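Architecture and fold: a report
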Amino acid sequence: MALNLDDCYELVMKLVDQAGELISSRNSGRKDFVEKSSNIDFVTETDQQVEKLLMDGISEKYPDHKFIGEEETSEGKKAELTDAPTWIIDPVDGTMNFVHSFPHSCVSIGLLVNKIAEIGIVFNPVMKQKFTARRGQGAFLNGNPIRVSSETKLSKALITTEFGTSREEDKTKVVLENIGKLVRAAHGLRALGSAALNICSVALGGADASYEFGLHAWDIAAADLVVREAGGVCIDPAGGPLDIMSRRFLCASTQELANEVVATLTQFYPQPRD
Ligand code: IPD
């Protein structure tokens with residue numbers, strides 16, 4: 001029987017609201033954390049509980065659906081994207097912000113079927129910003145339609161990016177080089193501390209482009225659909241099609257702007273891929 005995406009959407013919205021309550025109820029004070037891939041890459045009890053809440057809730061109704069979850073993957077499970085309905089989950093994107101109670105972190109969850117994104121939800125429960133998108137149906141912030149800007153020139157653009165969760169020498173060199181180039185070339189540069197929220201800031205028309213090297217499929221999956229449904233373009237930072245498992249991402253409000261960012265960036269190819 002064909003998968004009813006309306007039912008999937010209704011279920012995931014309920015679960016995301018529960019996840020949001022859990023995150024916002026814990027938003028004050030410093031949180032305990034455990035270090036993962038580096039001493040600035042964290043997991044908290046809340047990341048694990050939210051991932052479990054979402055996976056258990058979905059599995060109960062759809063036992064054959066697959067998952068790519070940030071915390072499961074960091075515990076050693078291989079991230080595998082097949083044609084099966086696959087939920088790609090970052091339970092708390094912006095964990096560093098959450099640990100410090102800097103109010104920019106979100107639940108990010110996307111559903112891909114046949115490797116095509118059908119549903120994307122990025123929810124910052126502290127700032128009460130819920131970005132939603134379904135393929136072919138537009139993008140919304142708290143139920144109101146959103147649209148990317150019409151900016152075509154890098155010299156007039158506001159760009160979002162991140163320093164990332166690794167401080168390896170070769171990557172840091174490229175990150176800082178790109179920041180230096182874009183600070184000179186663009187109107188301004190911002191880093192919210194959450195890749196998914198950076199990307200959604202483009203969907204909203206608040207920023208004009210966003211790029212990062214080293215992020216993961218769970219940071220990208222939902223926000224990619226949100227920004228494309230808002231009229232933006234999502235590509236590989238060297239140009240060409242986006243591969244959400246490549247740990248490389250660029251989106252922009254227009255193709256012209258995307259091309260200018262591509263031409264400006266020094267490239268980095270994070271290993272291993274997701
Ligand atoms: C990270 C954040 C960070 C970005 C990293 C992400 P996490 O996700 O979005 O801002 O630079 O690439 O992995 O670890 O907070 O879920």
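Note that this is a predicted model, so its numbers are computed, not measured.

**What about the site of the ligand?**
Around the ligand, 15 residues are found, and the nearest of them are Asp 90, Asp 93, Gly 94, Thr 95 and Glu 212. Residue Asp 93 places a side-chain N or O atom 2.6 Å away from an oxygen atom belonging to the ligand. The contact in question runs from an oxygen atom of the ligand to an N or O atom on the backbone of Ala 195, over 2.8 Å. A total of three residues in the shell around the ligand trace back to one element, the largest contributor, which is strand 4 (residues 86–93). For the shell around the ligand, the class distribution of residues is three nonpolar, five polar and seven charged.

**A short note on the packing of aromatic side chains**
Counted according to the given criterion, the structure contains two aromatic pairs. Seen from their ring centres, Phe 33 and Phe 42 are 4.0 Å apart, and the 25° between their planes marks the pair as stacked. Here the basic side chain of Lys 130 rests over the ring of Phe 123, its NZ or CZ set 4.8 Å away from the ring centre.

**So, the pattern of salt bridges**
The final tally for this structure, using the stated rule, is 12 salt bridges. For Glu 71, the salt bridge goes to Lys 36, with nearest N and O atoms at 3.2 Å. With Glu 71 in helix 3 (residues 70–74) and Lys 36 in the loop between strand 1 (34–35) and strand 2 (42–43), the pair connects residues that are 35 residues apart, well separated along the chain. Classification of Lys 36 as partly exposed rests on a relative accessible area of 22%. We note a salt bridge from Arg 228 to Asp 224, for which the minimum N-O separation is 3.0 Å. You can see Arg 228 and its partner Asp 224 sitting in helix 7 (residues 217–229), four residues apart, about one turn around the helix. Exposure remark for Arg 228: the relative accessible area of 37% places this residue in the partly exposed category. Through salt bridges that share partners, Lys 36, Glu 70 and Glu 71 make up one connected network.

**Regarding helix 6 (residues 195–203)**
Within helix 6, nine of the nine residues are buried, leaving the element largely enclosed by the surrounding structure. Those residues of helix 6 lying buried are Ala 195, Ala 196, Leu 197, Asn 198, Ile 199, Cys 200, Ser 201, Val 202 and Ala 203. One or two steps after helix 6, the chain reaches Gly 205, where phi turns positive at roughly 85°.

**Focus: the UniProt feature "binding site: Mg(2+) 1" (unreviewed entry) in the protein**
Within this structure's numbering, the places UniProt gives as "binding site: Mg(2+) 1" (unreviewed entry) are Glu 70 and Asp 219. Over a stretch of 150 residues, the named residues converge on one spot in the fold, their C-alpha atoms separated by at most 8.8 Å. With sequence-adjacent residues up to four places away left out, Glu 70 is seen in contact with Lys 36, Glu 51, Ile 89, Asp 90, Pro 91, Val 92 and Trp 218. Turning to its location among the elements, Asp 219 is positioned in helix 7.

The rules behind these values
Counting from 1, residues in each chain are numbered in the order their sequence is written. Given that this is a predicted model, residues contribute local features only at a pLDDT of at least 70 and side-chain atom pairs are listed and counted only at 80 or more, while totals for whole chains, interfaces and linings are drawn from all residues. Computation of side-chain values covers all heavy atoms of the structure but excludes hydrogens and water. In this text, near means that some heavy atom of the residue lies within 4 Å of the molecule or strand in question. Counting of polar contacts relies on pairs of N or O atoms within 3.5 Å, with two restrictions inside protein: one atom must be capable of donating a hydrogen and the other of accepting it, and residues adjacent in sequence are counted only when both atoms are side-chain atoms. The numbering of helices and of strands both runs from the N terminus, where a helix is a DSSP run of H or I of at least 4 residues and a strand a run of E of at least 2. In this classification, the charged set is Asp, Glu, Lys and Arg, the nonpolar set is Ala, Val, Leu, Ile, Met, Phe, Trp, Tyr, Cys and Pro, and all remaining amino acids, among them Gly, are polar. For this analysis, a ring pair means two rings from Phe, Tyr or Trp (six-membered ring only for Trp) whose centres lie within 6.5 Å, classed as stacked if their planes differ by under 30 degrees, edge-to-face if by over 60, and tilted for the remaining angles. A ring is considered to have a charge above it if a Lys NZ or an Arg CZ atom is located within 6 Å of its centre and within 35 degrees of its normal. By definition here, a salt bridge exists when the distance from a side-chain nitrogen of Lys or Arg to a carboxyl oxygen of Asp or Glu is within 4 Å. Any residue under 20% of the maximum accessible area for its type is buried, any over 50% is exposed, and the rest in between are partly exposed; the area is computed with a 1.4 Å probe on protein chains only. UniProt positions are given in the numbering used here, feature names are shortened, and annotations may be inferred rather than shown by experiment. Note on contacts: a residue pair is in contact if any heavy atoms of the two residues lie within 4.5 Å.

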